[in-house]
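Listed below are the residues making up each chain.
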Amino acid sequence: MRLERTYVMVKPDGVQRGLVSNVIARFERRGLKVVGLKMLQIPRELAQEHYGEHKGKPFFEALVGYIISSPVVAMVLEGKNAVAVARDMMGATDPQKAAPGTIRGEFGLDIGRNVVHGSDSTTSAEREINLFFGQDELVEYRMETEAWIYE
Ligand code: IDP
Ligand code: MG
């Protein structure tokens, strides 16, 4: 059975600050399986499409400028309730409000530099995965640890 998938991205500030390994390690430790992984510098058009729901908001231009300013690390994670679990692990959008122990709650101070992105629903996840990954970039494999992560 294929479990739920989510799109997660270490944003430019996370890459520049050397937080990539720490962020990925947290998801791995939790039991989420990495099924796609790559580094890229997002073209402006893709950034605008990815953040399309925020078009017209006062922070939109700054958000697009930030997300294309330096490379990101994009990944697809698979696991039981992957979308909600990854969002919980990231914490609130505003790092000032993110719970201690979450990624944003440990690494961030400013809403415009909040280290990570994660899909907010399974519908968004499907859309975002298809925006950033081709089918040939996603892998299906079994991990021997699965019997020790899932009942
Ligand atoms: P999310 O990343 O937690 O899903 P969204 O509301 O989808 O939050 O916003 C997308 C991104 O836009 C946020 O992660 C943050 O980087 C940025 N953002 C959201 N609201 C603001 C704001 O009020 N000021 C500046 N940047 C914002
Ligand atoms: Mg969002």
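Our structure's up above, just so we're on the same page.
Cut-offs and rules
- Residues numbered from 1 in each chain as written.
- Chains lettered and ligands numbered in written order.
- Predicted model: local features only at pLDDT ≥ 70, side-chain atom pairs only at ≥ 80, totals over all residues.
- Heavy atoms only, no water.
- Salt bridge = Lys/Arg side-chain N within 4 Å of Asp/Glu carboxyl O.
- Helix = DSSP H or I, 4+ residues; strand = E, 2+ residues; numbered from the N terminus.
- Buried < 20%, exposed > 50% of the residue type's maximum accessible area, 1.4 Å probe, protein only.
- Contact = heavy atoms within 4.5 Å.
- Near = heavy atom within 4 Å.
- Polar contact = N/O pair within 3.5 Å; in protein donor to acceptor, adjacent residues only side chain to side chain.
- Areas by Shrake-Rupley, 256 points an atom, 1.4 Å probe, with all protein chains shown as cover.
- 1 Å grid on protein atoms, 1.4 Å probe; cavity = no way out; pocket = protein on both sides within 12 Å on 5 of 7 lines; lining within 4 Å.
- Sits in = over half its atoms within 2 Å of the grid points.
- Nonpolar A, V, L, I, M, F, W, Y, C, P; charged D, E, K, R; others polar.
- Pairing = 2+ DSSP bridges.

> Which residues make up the pattern of salt bridges, and what are the values?
Applying the stated criterion to the full structure yields nine salt bridges. Lys33 is the salt-bridge partner of Glu146, the closest N and O atoms lying 2.9 Å from each other. In this pair, Glu146 sits in helix 8 (residues 146–149) while Lys33 sits in strand 2 (residues 33–40), placing the two residues 113 residues apart along the sequence. Among the ionic pairs, Lys97 bridges to Asp94, the shortest N-O distance being 3.7 Å. Taking the relative accessible area as the measure of exposure, Lys97 reaches 64% and is therefore exposed.

> So what about the environment of Phe107? Which residues, and what values?
Tracing the backbone shows Phe107 in helix 6 (residues 103–107). The buried category is assigned to Phe107, whose relative accessible area is 15%. C-alpha separation for the pair Phe107 and Gly14, spaced 93 residues apart in sequence, amounts to 8.6 Å. For Phe107, the residues in contact, after removing those within four places along its chain, are Arg17, Leu19, Asn22, Arg26 and Val115.

> Summarise the site of ligand 1; cite the residues concerned and give the values.
Taken together, the residues surrounding ligand 1 are Lys11, Tyr51, His54, Phe59, Leu63, Arg87, Thr93, Arg104, Ile111 and Asn114. One of the side-chain N or O atoms of Arg104 is found 3.2 Å from an oxygen atom in ligand 1. Note that an oxygen atom of ligand 1 is positioned 2.8 Å from one of the side-chain N or O atoms of Asn114. If ligand 1 stood free it would expose 520 Å²; the protein chains cover 76% of that surface. The cavity that encloses ligand 1 is the largest pocket. The residue inventory of the shell around ligand 1, partitioned by class, reads four nonpolar, three polar and three charged.

> Break down the pairing of strand 1 (residues 5–10) for me, citing the residues and quoting the values.
On any regular strand, side chains alternate: one points to one face of the sheet, the next to the other face. When you tally the buried positions in strand 1, you get six out of six residues, the bulk of the element. The alternating pattern of strand 1 places Arg5, Tyr7 and Met9 and Thr6, Val8 and Val10 on opposite faces, both of which are buried. Both strand 1 and strand 4 (residues 116–118) contribute to a ladder of three bridges, which runs antiparallel. Paired with Val10 across the strands is Val116, a residue of strand 4.

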